[in-house]
Amino acid sequence: MATHCKGGLWLSPSPSGTPLRNGDCFRAGPRPPRVAALHQRTRAATSPPLETSKPRVSLVSLGCPKNTVDSEVMLGNLERSGFSVVDDHESADAIVINTCAFVEDAKAESLDAIMEATQLKAEGGAVQRVVVTGCLAQRYADDLAAQLPEVDLVVGFERYADLAQNLHDVLGEAAGATQTAVQVGSPTFSPFPEETQRHRLTPRHTAYLRVAEGCNHACTFCAIPGFRGRFRSKPPGLILEEARALVAGGALELNLIAEDTNQYGQDRRGGTGLAGLLANLAEIPGLRWIRILYAYPSYFTEDLIQEIATNPKVCKYIDIPLQHINNLVLLSMNRPPADHTLRLLGTLRDRIPDLALRTTFISGFPGESKGAHEELAEFSDSFGFQRGGAFAYSEEDGTPAAGFPEQIPQEVREERRDELMSIQQRNSIAFAESLVGKEIDVLVDGIGEGGELLGRTQWDAPEVDGQVYLLTPLDPGVAPAEVGQMRRCRVVSSCIMDIEAEPIA
């Protein structure tokens, strides 16, 4: 059965084909046997030897790196509270689905995973309980509880600290004894929860470090401020404590994340800004790379630009989603105007040597004319972002843009997205070719399906950018690369957007 999610939270087509939306009464049809897909969504995690006396829990982490951090913290809390974390969902007593609700495709993926987990529960095997957390739980808690009674707990951000005790409680109850429990509070996170003791889902040598939560912007296409709350910076002492713990655990790279990372500290009078935080993080022994993800096209102060340019541990890489460049579209999106953005991009490129810029664009926003799209495509082509992506516009519940006139047909949105992605592919290929012959540092990430070693440069964020295929050193005096190492390499060739490199030291 096809699972859809468009313009609201609804899980399956009705017999007549009419979409079922919020408030509609429905029962999902037969669940497809897609357990394998559930496994594919699970981030790789190394579990300790199974202790059969402990209740077993598995977790599916969907969505952005902020969800990854939440998942790691939740699993750490569960382990300390007497649970064994397992990778095999079919052997778990409880499955936690940490959901994403950013765009419609993300909602659909989350709903698929939830229904696959409830299917395992219905089959009468080991799985006794299904828990839903994350943005879908925060945003649609009552709908989930009403439409999926097979789910045992729906838990929002503010109640994550109580998850272990509540899961112990429901596992002790007879099957079917209670209705779905909804535990969702206001997304304030004040004070910030402790995030140092995690069950890591990323490789040990790389980690995400949350520096803030929430968003103060009112982009007309985005629902995040409504369920993530206002922007609030994490105290610098907590960040440094967490960073030291991650590095002590093997992290060579820390990827800084927030809704607007470069706004860090500007909500605190006289507090440490991002420039000061970068300088303090760089003093941690053993840390090699600090990466800035999710920057907003404002808040780039003089001291921040200088710190990025001169601090050798700060990757010369900035992820700065622009969404568009046409002024009318930007005005409709409630985003900074084009002249401001162009001046900022020029300043960043002029001031920061070897800088790689990553951005994302939205195609087919309501009212986007053919000319506006062509302006965006020409800008993307001429500016030459080294890294980037594009998304077809998705109507989000409760956002102003969902009610705008002149909605663009879906096929046009996708055609325009594909054109933008084709341009970005050319830009990324050109950047890869420009690296051939250079000596660069490579972080060895893992082993590919064919047994080859894979790595990343400072210009590649985890999971979203290019890869380095590491070759066997020609010099017998140079040791082969190993996962988790940072190695000096010479780039010998490019392959589309990826490169091949030989360790030289």
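Residues numbered from 1 in each chain as written. Predicted model: local features only at pLDDT ≥ 70, side-chain atom pairs only at ≥ 80, totals over all residues. Heavy atoms only, no water.

(A) Just the pairing of strand β4 (residues 129-134), in detail. Burial analysis of β4 places 6 of its 6 residues in the buried class, the great majority of the element. Taking every second residue as pointing to the same face, both faces of β4 are buried, with Arg129, Val131 and Thr133 on one and Val130, Val132 and Gly134 on the other. Bridge analysis of strand β3 (residues 94-99) against β4 gives 6 bridges, and the strand direction is parallel. Of the residues in β4, the one forming a bridge with asparagine 98 is threonine 133. What joins β3 to β4 is helix α3 (residues 104-122), and the crossover it makes is right-handed. Of the strand pairs in this sheet, β4 and strand β5 (residues 153-155) are connected by 2 bridges, and their pairing is parallel. By the bridge assignment for β5, valine 131 is matched with leucine 153. (Buried < 20%, exposed > 50% of the residue type's maximum accessible area, 1.4 Å probe, protein only. Helix = DSSP H or I, 4+ residues; strand = E, 2+ residues; numbered from the N terminus. Pairing = 2+ DSSP bridges. Right-handed = clockwise from strand over helix to strand, strands pointing away.)

(B) Quick look at the sheet that holds strand β18 (residues 486-495). Read around the closed barrel, the 5 strands follow the order β15-β16-β17-β19-β18; overall the barrel is mixed. Here the strands of the sheet are splayed against their neighbours by 50° on average, with no regard to which way each runs. (Axes fitted to C-alpha atoms, helices over the stretch in contact; angles between N-to-C directions.)

(C) Local environment of helix α7 (residues 236-248). Under the 1.5 Å per step criterion, the end-to-end length of α7 is 18 Å for 13 residues, consistent within 8% with the ideal 18 Å. Within α7, the full set of buried residues consists of Ile239, Leu240, Glu242, Ala243, Leu246 and Val247. What you see down the axis of α7 is that its buried residues fit within an arc of 165°, all on one side. Just downstream of α7 lies glycine 250, where phi reads positive at about 115°. (Expected span 1.5 Å × (residues − 1). Arc of directions from axis to C-beta.)

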